[in-house]
Amino acid sequence: MPSTGNPFLLIIACLLLLLLCLLPLQTTAFAAPNPKPTIPPPSSQATMSNSNDRGNARLVEAFAEARSKGTATLVAFITAGYPTRDDTIPLLLALQSGGADVIELGVPFTDPQADGTTIQRASEVALRNKVRLPDCLDYIKAARAQGLTIPVVLMGYFNPFLNYGSEKLMDDLAAAGGDGFIVVDLPPEEGAEFIKHCQSRALSYVPLLTPTSADHRLAYLAQSAGSFCYCVSLTGVTGSRNDVPVDLKEFLGRIRAVTDKELAVGFGISTPEHVQQVAKLADGVVVGSAILNAIDSAGPEASSEARAKKVEGFIRELKAGAGKPGGAGDAGRVSHEGMNGNGKAAGEEKAEERDVTHRHFGQFGGRYIPETLVEAHRELEEAYTKALADPSFHEEIAFFRKQYIGGPTPMYFAKRLTEVVGGAEIWLKREELAHTGAHKINNAVGQALLAKRLGKRRIIAETGAGQHGVATATVCALMDMECIIYMGAADCERQALNVFRMKMLGATVVPVESGSRTLKDAINEAMRDWVTNVRTTHYLIGSAIGPHPFPTIVRDFQSIIGKEAREQILEMKGRLPDVVVACVGGGSNAIGMFHPFREDESVRLVGAEAGGEGLDGKNSATLSMGRPGVLHGTRTYLQQDGDGQILETHSISAGLDYPGVGPEHAFLKDSGRATYVAVTDKQALEGFKMLCKTEGIIPALEPSHALFTAIEEAKKLPKDAVVLMNLCGRGDKDMITVAKALGVNLDNIFR
């Protein structure tokens, strides 16, 4: 009988065997929950059957499939939530049924700077229908469940995407069945992180290429494309046009010379004939506004089914024009083997600037603009750099400051005001005595001289209180330039006197009826004008806002205020002030006052924002109540809702009624170098009346906010301390507004 061995060893062996069996279960139990799969980058041969079955792959296949059928790819745009919330899914399915190959789903945004009236109106309606970015993701997911198979790309502006969170957005878009992004105001140099996140998830970033882009930049833009490039057929905003641009073939030829990516052409394409013309030249054709018009043609009371039927029929007509004569492959496609992603032979230096840190103040600032405007900003930055190195330019600026504007403006000790307040001395930098009655003229003169250097004789500007509009109209009259001023219709009503002044100076004043009819809407309209007329026009931005280099240029031209004030207070008091105060809307007068004192650590910088009805009501206290976002070309603090939509603001002063603020102020706040306080309408009126009665000076409502703050600061300090305030504007323009606020009927003034 054979031996069974040691029973103890047998037990040990059984236990070891059991442990080996349980080890995989143990590993699984302690693994991270729901790990996300690593998605490899798509290959150029990716198909629908690949594991990477979305994003770049689906878009690449859509173009390849259309080419195999001898047609251009039809890319169709609609705005999510237009005309009603319930129309979007039927319309998505109708686009597919009609023959669209790719869908752009527009994400509604309050401030679309590059869109024409049709898409802007659709966004306004969708926002009233309470459609936001999360709804757009839900629409895609629901449409997929109902049979939508063609690729869907989200098209919109960066702030809602940034607010949602880039990585979360991309994960949620992929989960919903979306394929990529077209972001109108996110050029690749500002969107490097966004593009990287797209690539890691095999989603497509689709850049916009425009006729104003330099050849090396076209190559750089194409390099960032995940699947295809959106080629803007002409400078301008979206909307129907009568004809396809005659230079389209030349433009596409420039792009073909630097990339072999798929090219889809959009802007102004609205008929089957347009589609047919573009299909001869490009791989794809984009139609947007015309589709929205087709929706409207069903009538305001039409059912979703009727609207979908109209759209399906229109898409069939468009697709019928997408055939490519001679069949597939005649789009001028060329091979770029041996070329790097910048359209140069391998090893050559890349021409496009990649380091953009000089455009920022910490995390704020930058250049978030439609591609059409990139070259204009590059030219402006280059011209400004050359001007700074040119002694004759500085001589011109100094001449106009002294002989035309009336500088240096006085430094004035407000003795009676100081006595009534009972605290520190209050000193006023009398910038309201400058020609036209405000500090705005300094920047207007400087930028007009830059425009002359650029050879641009057509000037556009935005204005809120009207002082920048008056200053711009003044310098345009002086230098024989065409002048168009955009002003919110509500501001036109409350600043009628300044509207009349602008017209007397020869300017064309355009009331803006969209949105809140105030300053931000005037900026939107001015941006649309500039996008359309960029080759002949300079946008003379009035505050230290907007894309680089505007915040720096405006600050530098307005720094004459702080430079003079610093020299004057040292001469008159023999010391620096303890506190420097200025009002802040966009922030040009404040940054001009603050900048020369930034290195003086003993000097506190205090900005007074428009508190409006109070922080629990409507206000314009952006630095007090806002959070970082992107608007009008720059990253800064914004008044926005939880979905990144810009809120309506309020201030008794039109010049402070703005939902953003200059990016350098945002940096000063976060760095702790400056403090910003909210001053209500009521408090501003107190400051206004106090200066009138004690010093015989009628201030504008904007610096009246700073006056209240200066008074409060003076109360907290000893009598030998010094509070210096920039009195940046006079109050002539505001007398009707003040009378109304005080309940005075000017038609019966003696009753």
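Residues numbered from 1 in each chain as written. Predicted model: local features only at pLDDT ≥ 70, side-chain atom pairs only at ≥ 80, totals over all residues. Heavy atoms only, no water.

### Observations concerning a nonpolar patch on the surface
Quick note on the threshold: In this analysis, a patch consists of residues with relative accessible area above 30% that form no salt bridge, clustered at 9 Å for like charges and at 5 Å for the nonpolar side chains Val, Leu, Ile, Met, Phe, Trp and Tyr. Shrake-Rupley sampling with a 1.4 Å probe provides the accessible areas, and residues are treated as covered by the protein chains on show and by no other component. The rule for a salt bridge is simple: a side-chain nitrogen of Lys or Arg has to be within 4 Å of a carboxyl oxygen of Asp or Glu. A run of H or I in DSSP counts as a helix once it spans at least four residues, and a run of E counts as a strand once it spans at least two, with each numbered from the N terminus. Accessible area is worked out with a 1.4 Å probe on protein chains only. A residue is then buried under 20% of its type maximum, exposed over 50%, and partly exposed in between.
Taken together, the side chains of I736, L742, V744, L746, I749 and F750 make up a nonpolar region of the molecular surface, amounting to roughly 650 Å² of accessible area. Summarising the element assignment, L746 is placed in the segment after α28 (735-741). Taking the relative accessible area as the measure of exposure, L746 reaches 48% and is therefore partly exposed.

### Points about the nonpolar core
Cut-off, in case you're wondering: We call a set of buried Ala, Val, Leu, Ile, Met, Phe, Trp, Tyr and Cys residues a nonpolar core when their side-chain atoms join them within 4.5 Å. Contact criterion: two residues are considered in contact whenever any of their non-hydrogen atoms come within 4.5 Å of each other.
With 159 residues, the main nonpolar core has L154, F161, F181 and F194 as its most contacted residues. Excluding residues that lie within four positions of it along the chain, F161 makes contacts with V107, L133, L154, G156, S166, L169, F181, V183 and F194.

### So, the pattern of salt bridges
Enumeration over the complete set of coordinates arrives at 54 salt bridges. Taking the shortest distance from any N to any O, the salt bridge between D643 and R132 comes out at 4.0 Å. You can see D643 sitting in the loop between β21 (634-638) and α25 (663-671) and its partner R132 sitting in the loop between α4 (117-128) and α5 (133-145), a full 511 residues away along the chain. Ionic pairing is found between E713 and R604, a salt bridge with its closest N-O pair at 2.5 Å. Placement of E713 in helix α27 (residues 701-715) and of R604 in strand β19 (residues 604-612) is noted, with a sequence separation of 109 residues between them. One network of salt bridges, in which partners are shared, links E189, E190, R217, R359 and E371.

### Quick word on the side chain of T472
Relative to the elements of secondary structure, T472 occurs in helix α18 (residues 467-479). By relative accessible area, T472 is classed as buried at 0%. When residues no more than four places from it in sequence are discounted, the contact partners of T472 are A444, I459, A461, C483, I485 and L540.

### Some details on the pairing of strand β7 (residues 228-232)
We apply this condition: Two strands form a pair only when DSSP identifies at least two bridges running between them. With the strands pointing away from the viewer, any crossover whose connection runs clockwise from the first strand over the helix to the second is right-handed.
Where burial is concerned, most of β7 is hidden: five out of the five residues are buried. Both faces of β7 are covered, namely the face carrying F228, Y230 and V232 and the face carrying C229 and C231. Taken together, the two bridges between strand β6 (residues 208-209) and β7 define a ladder with parallel strand orientation. Within the sheet, the bridge partner assigned to L208 lies in β7 and is Y230. Regarding the hand of the β-α-β motif, the stretch spanning β6, helix α9 (residues 215-223) and β7 is right-handed. Of the strand pairs in this sheet, β7 and strand β8 (residues 262-266) are connected by five bridges, and their pairing is parallel. Residue pairing across strands places C229 opposite L263, the latter belonging to β8.

### What to know about the confidence of the model for the protein
The cut-off we apply is this: Predictor confidence is given residue by residue as pLDDT, running from a minimum of 0 to a maximum of 100.
In this model, the protein carries a mean pLDDT of 89, and residues with pLDDT of at least 70 account for 87%. Scored below 50 in pLDDT, residues 327-331 makes 13 contacts in the model with residues more than four places away or belonging to other chains.

### Digging into the sheet that holds strand β23 (residues 722-726)
To keep it simple, the criterion reads: Axis geometry follows a simple rule: fit a line to the C-alpha atoms, using only the stretch in contact for helices, then measure angles between N-to-C directions, giving values from 0 to 180 degrees.
Strand order in the open sheet formed by six strands is β12-β13-β23-β18-β19-β22, and the pairing between neighbours is mixed. Of all the strands in the sheet, the pair left with one neighbour each is β12 (411-413) and β22 (674-680). On average, each strand axis in the sheet is inclined to that of its neighbour by 25°, with strand direction left out of account. In this sheet, β22 lies alongside β19 in parallel orientation, the contact comprising seven bridges. Opposite G607, over in β22, you have Y676 as the bridge partner.

### Quick word on the sheet that holds strand β1 (residues 73-79)
Strands sit in the order β5-β4-β3-β2-β1-β9-β8-β7-β6 across an open sheet of nine strands; the sheet is parallel. Strands at the two margins of the open sheet, each flanked by one partner only, are β5 (204-205) and β6. Alignment of strand β3 (residues 152-156) against strand β4 (residues 180-183), held across four bridges, turns out to be parallel. Within the sheet, the bridge partner assigned to L154 lies in β4 and is F181. Sitting on the sheet, helix α10 (residues 248-256) is in contact with β6, β7 and β8, with an inclination near 150° to β8.

### Quick notes on unusual backbone geometry
With an omega of 0°, the peptide bond between Y82 and P83 qualifies as cis. Of note, P83 is situated in the loop between β1 and α3 (88-98). The linkage connecting G407 with the following residue, P408, adopts the cis geometry, with an omega of -5°. The residue P408 is located in the loop between α15 (391-405) and β12 in this model. You will see that F267, though not glycine, has its phi angle at about 85°, which is positive.

### Focus on the packing of aromatic side chains
One pair of aromatic rings is described through two measures. These are the centre distance and the angle between the planes. Here is the rule: Here is the rule: rings of Phe, Tyr and Trp (six-membered ring for Trp) pair when centre to centre is within 6.5 Å. Planes less than 30 degrees apart are stacked, more than 60 are edge-to-face, and the remainder are tilted. Consider the ring centre and the ring normal. A charge sits over the ring if Lys NZ or Arg CZ is within 6 Å of that centre and within 35 degrees of that normal.
Evaluation of the coordinates by the stated rule reveals 17 aromatic pairs. An angle of 90° between the planes, with centres 6.2 Å apart, marks the rings of F400 and Y404 as edge-to-face. Placement of both F400 and Y404 in helix α15 is noted, with a separation of four residues, approximately one turn of the helix. Clustering of aromatic rings is evident, with ring pairs tying together F158, F161, F181, F194 and Y368. If you follow K669 out to its NZ or CZ, it ends over the ring of Y637, 5.6 Å from the centre.

### What to know about the packing of α15 against helix α17 (residues 440-454)
Applied cut-off: Should an angle fall under 35 degrees it is taken as roughly parallel, and over 145 as roughly antiparallel, whereas 65 to 115 is taken as roughly perpendicular and any remaining angle as oblique. It is the rotation of the near helix from the far one that decides the hand of a crossing: anticlockwise by less than a right angle makes it left-handed, clockwise makes it right-handed. Following the grouping adopted for this structure description, the nonpolar residues are Ala, Val, Leu, Ile, Met, Phe, Trp, Tyr, Cys and Pro, the charged ones are Asp, Glu, Lys and Arg, and the polar ones are all others, Gly among them.
Put simply, α15 and α17 touch, their axes get as near as 10 Å, and they point 140° apart. As summarised for this structure, α15 and α17 are arranged oblique, according to the angle between their axes. Of the two possible hands of crossing, α15 and α17 adopt the one that is right-handed. Across the interface between the two elements, S392, F393, E396, I397, F400, R401 and I405 of α15 pack against I441, N442, V445, G446, L449, L450 and R453 of α17. Its residues placed into classes, the contact of α15 with α17 shows eight nonpolar, three polar and three charged.

### Thoughts on the state of the cysteines
What counts, and what does not: Here, two cysteine sulfur atoms that lie within 2.5 Å of each other are counted as a disulfide.
Applying the stated criterion to the full structure yields zero disulfides. Looking at C583, it has no disulfide partner, and the nearest cysteine sulfur is the one in C728, 3.8 Å off. Taking the relative accessible area as the measure of exposure, C583 reaches 2% and is therefore buried.

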